Amino acid sequence: MRWPGRDTLIIAERNLIRLPRAPELFIGYTVQPIMFVLLFRYVFGGAISTPGYSYVDFLIPGIIVQNTAFGGFATALGLNEDVRKGLIDRFRSLPMSRAAVLGGRTLADVATNSLSITILLITGLIIGFTFQTSFLHAAAGIGLLLLFGYAFSWFLAFLGLVVASPESVNSLGFIVVFPLTFVSSAFVPVDSMPDGLRQFAEVNPCTIIVDALRHLWLGAPAHNSVWGAVVWSLVIVAVFAPLAVARYRRAAGG
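Now for a look at the structure at hand. (Residues numbered from 1 in each chain as written. Predicted model: local features only at pLDDT ≥ 70, side-chain atom pairs only at ≥ 80, totals over all residues. Heavy atoms only, no water.)

## Comments concerning the pattern of salt bridges
When charged atoms on two side chains of opposite charge get close, those side chains can pair. Under the convention used in this document: Note on definitions: salt bridges are taken to be side-chain nitrogens of Lys or Arg within 4 Å of carboxyl oxygens of Asp or Glu. Relative accessibility under 20% of the residue-type maximum defines a buried residue, over 50% an exposed one, and the middle range a partly exposed one, all with a 1.4 Å probe and only protein chains included.
For the coordinates displayed, the defined rule picks out two salt bridges. Arg198 serves as the salt-bridge partner of Asp195, at 2.6 Å between the closest nitrogen and oxygen. You can call Arg198 partly exposed: its relative accessible area is 21%.

In structure tokens, the structure reads:
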């Protein structure tokens, strides 16, 4: 167990130390989330009614969930590049655990998501967001976000191993993730949506996660959303982690 664990940490470190050397990636984890918060807060905020909450309080949980869902794109793109450039074949020739490549990349996503969440929360507090519950509830919300981001990283890892090119990863990833994050309670109340979209939004895992955060951070009614968010996250890992591992083994030649 020490060997796979050590190899996983080494791969995670490999993916993290390149961030300072790749300014475009670092900007994606820092500046881009701030831009999204400011745009939604000051461009759309005055036009959206959120009964019972100021729009900034309503917005921050939703936009952090969206940002966390997109956090695994680096893993999807990186794995796709590794397959195309033959780096996975190089990993096969090294005395290292096969599980370390996927485990290390998804673990690195937890660190980068932590950075983005911290930046978004600081930005939110500056523009008027306030926690309305206890410290333990707020911390539980952050833990739930990291679990959800970790789960989504496995889905995106599988996507990165299935498609043929980085361009396809971006295209297909946005086609899947954008509807999940926008057709949800992240940015507008679900009740404001027309029939069809509303029913989809109500069962959307992103809605469940956002509602759980609003309960933990703002004291909104829970309606079992916290347990639902945990279950959704575990189900995503249970489904896509084995699929990603199987696809990686096929890409690595068994």
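## With respect to the environment of Tyr53
The criterion, for reference: Under the DSSP-based scheme used, a helix requires at least four consecutive residues in state H or I and a strand at least two consecutive residues in state E, with every element numbered from the N terminus.
Turning to its location among the elements, Tyr53 is positioned in the loop between helix 3 (31–44) and helix 4 (55–70). Separated by 165 residues in the primary sequence, Tyr53 and Leu218 have C-alpha atoms spaced 8.9 Å apart.

## Some points on the packing of helix 8 (residues 135–162) against helix 11 (residues 205–218)
Threshold: For helices, the fitted axis covers only the stretch in contact; all axes are lines through C-alpha atoms, and the angles between them, taken along N-to-C directions, range from 0 to 180 degrees. To sort the angles, those under 35 degrees are grouped as roughly parallel, those over 145 as roughly antiparallel, those from 65 to 115 as roughly perpendicular, and the leftovers as oblique. Handedness of a crossing is defined here by the sense of rotation of the near helix relative to the far one, left-handed for an anticlockwise turn of less than a right angle and right-handed for a clockwise turn. Residue contacts follow a heavy-atom distance rule, with two residues in contact if any of their heavy atoms lie within 4.5 Å.
Contact geometry for helix 8 and helix 11: axes closest at 8 Å, N-to-C directions at 160 degrees. Classified by the angle their axes make, helix 8 and helix 11 are roughly antiparallel. Considering only the axes of helix 8 and helix 11, their crossing is left-handed. Where helix 8 abuts helix 11, its residues His137, Ala138, Ala140, Gly141, Ile142, Leu144, Leu145 and Phe148 lie against Cys206, Ile209, Ala212, Leu213, Leu216 and Trp217.

## With respect to the nonpolar core
Heads up, the rule is: Remark: nonpolar core denotes a set of buried residues (Ala, Val, Leu, Ile, Met, Phe, Trp, Tyr, Cys) joined through side-chain atoms within 4.5 Å.
By size, the foremost hydrophobic cluster in this structure holds 55 residues, and its most contacted members are Ile60, Ile64, Phe152, Leu156 and Trp217. Those elements that provide at least two residues to this core are helix 3, helix 4, helix 5 (73–85), helix 7 (99–126), helix 8, helix 9 (166–182), helix 11 and helix 12 (225–251). If we ignore the near neighbours within four places in the chain, the residues touching Phe152 are Ala69, Val177, Leu180 and Ile236.

## Description of the packing of aromatic side chains
How we decide: Centres within 6.5 Å make a pair out of two Phe, Tyr or Trp rings, where for Trp the six-membered ring is used; the pair is then stacked when the planes are under 30 degrees apart, edge-to-face when over 60, and tilted otherwise.
Summed over the entire model, instances satisfying the criterion amount to 18 aromatic pairs. Ring plane angle 70 degrees and centroid distance 5.4 Å describe the contact between Phe70 and Phe178, whose orientation is recorded as edge-to-face. Remark: Phe178 occurs in helix 9 and Phe70 occurs in helix 4; sequence separation between them is 108 residues. With a relative accessible area of 17%, Phe70 lands in the buried category. Three or more aromatic residues link up through ring pairs in this structure, and these residues are Phe40, Phe70, Phe73, Phe174, Phe178, Phe182 and Phe187.

## Here we look at the side chain of Asn67
As for its position among the elements, Asn67 is in helix 4. Note on Asn67: relative accessible area 16%, which makes it buried. When near neighbours in sequence (up to four residues on either side) are disregarded, Asn67 contacts Pro33, Ser116 and Leu120.

## Structural notes on the side chain of Asn113
Considering the arrangement of structural elements, one finds Asn113 in helix 7. Judged by relative accessible area, Asn113 falls into the buried class, the value being 2%. Those residues in contact with Asn113, other than ones at most four positions away along the chain, are Thr68, Gly71, Leu146 and Gly149.

## Focus: the environment of Asn204
Let me state the cut-off plainly: Pairs of N or O atoms within 3.5 Å make up the polar contacts considered here, provided that, within protein, one atom can donate a hydrogen while the other can accept it, and that residues adjacent in sequence are counted only when both atoms are side-chain atoms.
The residue Asn204 is located in the loop between helix 10 (197–203) and helix 11 in this model. Residue classification places Asn204 among the buried positions, given a relative accessible area of 1%. Taking the C-alpha atoms as reference points, Asn204 and Leu156, 48 residues apart in sequence, are found 17 Å from one another. Among residues more than four places away in sequence, those in contact with Asn204 are Pro179, Leu180, Val183 and Ser184. A polar atom in the side chain of Asn204 sits 2.9 Å from the backbone oxygen of Val183.

## Digging into a nonpolar patch on the surface
In plain terms, the rule: In this analysis, a patch consists of residues with relative accessible area above 30% that form no salt bridge, clustered at 9 Å for like charges and at 5 Å for the nonpolar side chains Val, Leu, Ile, Met, Phe, Trp and Tyr. The Shrake-Rupley method, run with a 1.4 Å probe sphere, supplies the accessible areas, and residue values consider only the shown protein chains as cover.
On the surface, Ile27, Val31, Met35, Leu39, Val43 and Phe44 cluster together into a nonpolar patch covering about 540 Å² of accessible area. Of all the elements, helix 3 adds the most residues to the nonpolar patch, at five residues. Tracing the backbone through its elements, the reader meets Met35 in helix 3. The partly exposed category is assigned to Met35, whose relative accessible area is 48%.

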